[in-house]
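Report on the structure
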Amino acid sequence: MKASRISLMALSLAIGAAPALASDVDVSLTAESVKAQVNFFDSRDDMQLGAGYTYHEGSRHIGNVDFHAQGRTALGNLPTTAGLGMRLIGWDDDRVDGGALALGGYATVNIPDVPGLSVTGGLHYAPSILAFGDSDDMTSLEARVSYRVIRNAELFAGYRYLNTDLDGRSDLNLDEGVMAGMKLYF
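The residue count restarts for each chain, going from 1 along the sequence in the order it is written. Predicted model: local features are reported for residues with pLDDT of at least 70 only, side-chain atom pairs are reported and counted for 80 or more only, and whole-chain, interface and lining totals are derived from all residues. Only heavy atoms go into the side-chain values, all of them from the structure, while hydrogens and water stay out.

1. Digging into the overall build of the chain
Strands are runs of DSSP state E lasting at least two residues, helices are runs of H or I lasting at least four, and both sets are numbered from the N terminus onward. Secondary structure assignment for the chain yields one helix and 11 strands. Traced from its N-terminal end to its C-terminal end, the chain shows the element sequence α-β-β-β-β-β-β-β-β-β-β-β. Relative accessible area decides the class of each residue, using a 1.4 Å probe on protein chains only: under 20% of the type maximum gives buried, over 50% gives exposed, and in between gives partly exposed. Scored against the burial criterion, the 186 residues of the chain give a buried share of 40%. By definition in these notes, contact holds between two residues if any of their heavy atoms fall within 4.5 Å. Intrachain contacts of the chain at a sequence separation of at least 6 include 46% that bridge at least 24 residues. The Shrake-Rupley method, run with a 1.4 Å probe sphere, supplies the accessible areas, and residue values consider only the shown protein chains as cover. Carbon and sulfur atoms provide 63% of the accessible area of the chain, an area that totals close to 10000 Å².

2. Describing the pairing of strand E3 (residues 47-56)
Strand direction decides the pairing type here: strand E2 (residues 33-39) and E3, joined by seven bridges, are antiparallel. Looking across to E3, one finds that Val34 is bridged to Tyr55. At least two bridges found by DSSP between two strands are what make those strands a pair. Examined bridge by bridge, E3 and strand E4 (residues 60-75) share 10 bridges and lie antiparallel to one another. When the sheet's bridge partners are listed, Leu49 is paired in E4 with Phe67. Taken together, E3 and the strand that follows it, E4, pair antiparallel across an intervening segment of three residues, in which Gly58 is found at a positive phi of about 90°.

3. Topic: the side chain of Gln70
Locating Gln70 in the fold gives a position in strand E4. Within 3.5 Å is the distance limit for a polar contact, defined as a pair of N or O atoms, with the added protein rule that one can donate a hydrogen and the other accept it, and that residues adjacent in sequence qualify only through two side-chain atoms. Polar side-chain contacts of Gln70 include one of 2.8 Å to the backbone oxygen of Asp42. Of note is the side chain of Gln70, whose polar atom sits 2.5 Å from the side chain of Tyr106. Residue contacts for Gln70: discarding those within four places in its chain leaves Asp42, Ser43, Asp45, Asp46, Met47, Gln48, Thr81, Ala82, Gly83 and Tyr106.

4. With respect to the confidence of the model for the chain
Taken over all residues, the pLDDT of the chain has a mean of 90, while the share at 70 or more is 89%. Confidence of the predictor at the level of single residues is given by pLDDT, which spans 0 to 100. For the chain, helix H1 (residues 2-21) is the element with the lowest average pLDDT, namely 52, and strand E7 (residues 117-126) is the one with the highest, namely 98.

5. Regarding the packing of aromatic side chains
Note on aromatic pairs: the rings of Phe, Tyr and Trp (six-membered ring only in Trp) are paired at centre separations within 6.5 Å, and the planes decide the class, stacked below 30 degrees, edge-to-face beyond 60, tilted for the rest. Taken as a whole, this structure holds zero aromatic pairs when the rule is applied. Throughout this description, the term charge over a ring refers to an Arg CZ or Lys NZ atom that lies within 6 Å of the ring centre and within 35 degrees of the ring normal. The ring of Phe156 has Arg144 lying over it, and the distance from NZ or CZ to the ring centre is 3.7 Å. In this structure, Arg148 is placed above the aromatic ring of Tyr185, and the distance from its NZ or CZ to the ring centre is 4.0 Å.

6. Brief notes about the pairing of strand E11 (residues 171-185)
Here six bridges tie strand E1 (residues 24-29) to E11, and the two strands are oriented antiparallel to one another. Looking at the pairing, Leu29 lines up with Ala180 of E11. Here strand E10 (residues 153-166) pairs with E11 via 13 bridges, running antiparallel. Within E11, the residue paired with Thr164 across the bridge is Leu172. In this antiparallel pair of consecutive strands, E10 and E11, the connection spans four residues, and Gly168 shows a positive phi of 70°.

Below, the structure written as structure tokens:
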């Protein structure tokens, strides 16, 4: 119970301090986890730096730091923002912990026929050479559909999957499930 209060306090402080430093703050929930993500540059910048924290039921803590080169492009005639780079992920559970430097990227496709509607997908993977601790490799996948309700806020729903193979043992789903959340822009 004490760890849950500390995690909730840390999450509250991160969300409270974010507007002074951030471009956007993203908060999402699954049935078993809550995640907050802060991104420091907007989609018009050439680089993106972000940091996130996930608390998963059972005292599992997951942190990430993201660094991507990003730019605007088009898929067909659909305006798209794409990024390629890396995500450093660290996690701690009661008896095991680990992490990885995962390489990958993301793309957000805006749907012009429905202003405010977008689809985002991201995939990052780390083979065993880029994993540490009890992790042998790591896969991070996220897909979401977003709708910008007002100029500086959007709602989204999607799916999040974070998995690692444990050294010499089976794999572990660190966080997985259908998610819903909101993103606030500053």
